[in-house]
Amino acid sequence: MGRLSLAFRLKPLSHSAECTCVFHGRIDGTGTRSVLCNDPDMSDIPVNVPVDTVKLRVEKTAVRRIPTEAFYYLVELRYLWITYNSITSVDTGSFYNLKVLHELRLDGNMISVFPWESLKEMPRLRTLDLHNNRLTSVAPEAIPYLLNITYLDLSSNKLTTLPSDLMDIWPPLNGVPISSNASQKVVLGLQDNPWFCDCKISKLMEISKMADTPVILMDLFLTCAAPENLAGVLFQRAELENCVKPSVMTSATKITSTLGSNVLLRCDASGSPTPDLYWTRSDGSSVNNTVQESPGEGINWSIMSLHGVEYKDAGNYSCKAKNVAGTAKATISLTVAGTMSTTTPPLRPSAGTGSTSQGTALTPPNDISKSQVTAPTVLPGSLTTLSAGPKPTKLISSNGSQKGLLKETKQQQEGNGKKFAADEKSKKRDDSRAVKDLEIVEQTADSVVLLWTAGGLLNDAPLTVVYSPYGEDDSKRTVESKAGSGKVLLDGLSPGMRYSVCLVAKVSAAGKDPCIDFYTEDSEQSKLFFIISGIACVLVLPLIALLVYKILALYCNGRNAPSDENELENESYVKFETISMKQRTLTSHPTELWARRPTNESERLLLCSRSSIDSQMTYKSDSSRSEYLC
């Protein structure tokens, strides 16, 4: 089947300008029509274009403005090219009624502001070419209208930044799994713009560093124009300061709460710039009853409160942190367990009533009513607050006559009012002394053991242990126990803090619950104390041992003192004697030439002093031999 091409001339509003219309047809009469207007003298968009035109090209003309509803009658138009003209103004309604338009090209003009909301008139638009214009910014309001765009060319403009959320609409930053399907590819032209490289375009810089991503950049070598320290640096090599993606941390991931209790969910976030926090339910709806505070630069925390939780409150709650560098999310799963019931005194049979109701009860669905009432799970550092007061419930009679039941109940309560008041007063007097002798034992840095005496309570009577940091009533935690157990472990505490703990009996009088305050140990101080003690022991023990040794040595030496003195005396003194020549006689033995005589004390001192001065000095005498003094 062949094609038939017809060419003829078309007169626009300006009679001096002409357009060319080409019909690409088939023998059976079907085909497509395209119109080309490229007269340099054309100053207005033509208005008498055939209504079956599929492609319209207005190129290299003097057109300066695209008016409102300029193409509203071209309902079959799929390609609109208005390129390399002098257009400076585009109205919001310029593209009205172009429901099947697939491609819009406005490159080569002088457009400084583009009406992004006009894109909503073109739901099937996939290609948008705005390169080589004078755009200075992309408004954040444009993001919803660019979700379906697969080819976006913003190159050769005057863009310095982009909305931080723009990159979040495309993978991989939109959270959609990356697929190899070519239909999911997005082509972006962003080159030849004076980019200011800061945290606002950090996501674009991150994509430029990815090797395999569905977002394809026409030019991979995007460069920074500012600030001065990054001028000329490629996106792939630029390192940004004060730009950190947020991170989120929750105190618990799963919490089980009793029906009717109050729950506080907390999450903390950090990042630079300081991230904002948002809470959402599992269905995506936002939660309004939240409190948010930033104690310092780069840190933020938020608390969401649920008062009197019901079964419909169970589910997942997400805490989302967001800044211009990215987003992060953490989820807390809340489970509501337990039953809530209320009873009334027996009713007298009355006429017209076929049956009597002994009491009414509100029961949860079958799958929840079977679950056991569990105490909330409190992890270390958790700020989840669970208080046990069930919400008031309405009485619903089994036979449907609610008003009659309430009337009879009221009459019986009035008749027995005094008795109930007396019983209640007696019960309060007994309950005020039910639990006593509270005591804290086995304290550590993060846990303590609480002891008590049940008193007049039964062993299986339920008790609620309520504890919180001292003075912080909004951070109370609870642990369910029995009166007969006599003790409970409180863990997940913070080191070095003062806590208040109270025992609440289910039947105790208000304001009479026994309470006690305690401190947890400071783990850091304990470690420091042990370290210092160990060092002191290592240094002091040798000194003590040395001192004991010296004392023992002195004691032993004292016992041996006399013998030592004798030895000292023997070693210190020399016995002096004086030797002289004997007088020679006729009867004396010729071999005994020397005579000894005792030396008195005065002579001994004289000899010693002389000896100390000149021990080697000798004296000679003509009448005697040499004599040694000492």
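Residues numbered from 1 in each chain as written. Predicted model: local features only at pLDDT ≥ 70, side-chain atom pairs only at ≥ 80, totals over all residues. Heavy atoms only, no water.

**A word on the overall build of the chain**
- From N to C terminus, the chain includes seven helices and 33 strands.
- When contacts within the chain are restricted to residue pairs at least 6 apart in sequence, long-range pairs at least 24 apart make up 57% of them.
- Carbon and sulfur atoms make up 54% of the accessible area of the chain, which amounts to about 37,600 Å² in all. (Helix = DSSP H or I, 4+ residues; strand = E, 2+ residues; numbered from the N terminus. Contact = heavy atoms within 4.5 Å. Areas by Shrake-Rupley, 256 points an atom, 1.4 Å probe, with all protein chains shown as cover.)

**With respect to the sheet that holds strand S17 (residues 263–272)**
- On the basis of which strands lie adjacent, the open sheet formed by four strands has the order S15-S17-S20-S19 and antiparallel pairing. Only two strands of the sheet have a single partner each, and these edge strands are strand S15 (244–250) and strand S19 (290–296). Neighbouring strand axes in the sheet, compared pairwise and without regard to direction, differ in orientation by 20° on average.
- Bridge analysis of S17 against strand S20 (residues 299–306) gives eight bridges, and the strand direction is antiparallel. Following the sheet pairing, Val-263 is matched in S20 by Leu-306. (Pairing = 2+ DSSP bridges. Axes fitted to C-alpha atoms, helices over the stretch in contact; angles between N-to-C directions.)

**A short note on a nonpolar patch on the surface**
- A grouping of Ile-531, Ile-535, Val-538, Leu-539, Val-540, Leu-541, Ile-544, Val-548 and Leu-552 is seen on the molecular surface, where their side chains present a nonpolar patch of about 860 Å² in accessible area.
- For Leu-541, the position within the fold is in helix H5 (residues 523–559). (Patch = residues over 30% accessible without salt bridge, like charges linked within 9 Å, V, L, I, M, F, W, Y side chains within 5 Å. Salt bridge = Lys/Arg side-chain N within 4 Å of Asp/Glu carboxyl O.)

**Let's talk about the environment of Leu-222**
- Along the polypeptide, Leu-222 turns up in the loop between strand S13 (215–217) and strand S14 (224–226).
- Sequence separation of Leu-222 and Trp-195 is 27 residues, and the distance between their C-alpha atoms is 8.7 Å.
- Apart from residues no more than four positions distant in its own chain, Leu-222 is found in contact with Leu-190, Gln-191, Leu-217, Val-233, Leu-234, Phe-235 and Gln-236.

**Some details on the sheet that holds strand S30 (residues 498–505)**
- Spatially, S28-S27-S30-S31 is the arrangement adopted by the four strands of the open sheet, whose pairing is antiparallel. Since the sheet does not close on itself, it has two edges, and those belong to strand S28 (477–482) and strand S31 (515–519), each with one partner. This sheet shows a mean twist of 25° between the axes of neighbouring strands, independent of strand direction.

**Quick look at unusual backbone geometry**
- Residue Pro-172 is bonded to the preceding Pro-171 through a cis peptide linkage, with omega at 5°.
- On the secondary structure map, Pro-172 appears in the loop between strand S10 (151–153) and strand S11 (186–189).
- The phi angle at Asn-132 is positive, at roughly 60°, despite the residue not being glycine.
- Mapping Asn-132 onto the fold places it in the loop between strand S9 (127–129) and S10.
- For Asn-132, a relative accessible area of 34% translates into the label partly exposed.
- A positive phi angle, close to 55°, is found at Ser-156, a residue other than glycine.
- With respect to the helices and strands, Ser-156 occurs in the loop between S10 and S11.
- Residue classification places Ser-156 among the partly exposed positions, given a relative accessible area of 23%. (Buried < 20%, exposed > 50% of the residue type's maximum accessible area, 1.4 Å probe, protein only.)

**Examining the nonpolar core**
- In terms of nonpolar packing, the biggest core is built from 63 residues, with Phe-71, Leu-80, Phe-95, Trp-116, Leu-146 and Leu-190 touching the most fellow members.
- Residue assignment for this core shows that the elements contributing at least two residues are strand S2 (19–26), strand S3 (31–37), strand S4 (53–59), strand S6 (79–83), S11, helix H1 (202–208) and S13.
- When neighbours within four sequence positions are excluded, Leu-146 is seen to be in contact with Trp-116, Leu-119, Leu-128, Leu-152, Leu-166, Ile-169 and Trp-170.
- The next biggest cluster of nonpolar side chains, apart from the first, holds 22 residues, and it includes Ile-440, Leu-463, Ala-483 and Ala-505. (Core = buried A, V, L, I, M, F, W, Y, C linked by side-chain atoms within 4.5 Å.)

**Comments concerning the environment of Thr-223**
- Inspection of the secondary structure assignment puts Thr-223 in the loop between S13 and S14.
- The sequence separation of Thr-223 and Pro-194 amounts to 29 residues, and the corresponding C-alpha distance is 8.3 Å.
- With sequence-adjacent residues up to four places away left out, Thr-223 is seen in contact with Trp-195, Gly-232, Val-233, Leu-234 and Phe-235.

**A short note on the state of the cysteines**
- Applying the stated criterion to the full structure yields five disulfides.
- Covalent S-S linkage joins Cys-19 and Cys-37, the inter-sulfur distance amounting to 2.0 Å. On the sign convention where negative is left-handed, the bridge of Cys-19 and Cys-37, at about 115° about the S-S bond, is right-handed. One end of the pair, Cys-19, is in strand S2; the other, Cys-37, is in strand S3, and 18 residues separate them in sequence. Residues Cys-19 and Cys-37 agree in their burial class; the two are buried.
- With its sulfur 1.9 Å from that of its partner, Cys-267 forms a disulfide with Cys-319. On the criterion of sequence distance, the pair formed by Cys-267 in strand S17 and Cys-319 in strand S21 (residues 315–323) is long-range, its members being 52 residues apart. Like Cys-267, the residue Cys-319 is buried in the burial classification.
- Sequence-ordered numbering of the bonded cysteines in the chain yields a pairing of 1-2, 3-5, 4-6, 7-8, 9-10. (Disulfide = S-S within 2.5 Å.)

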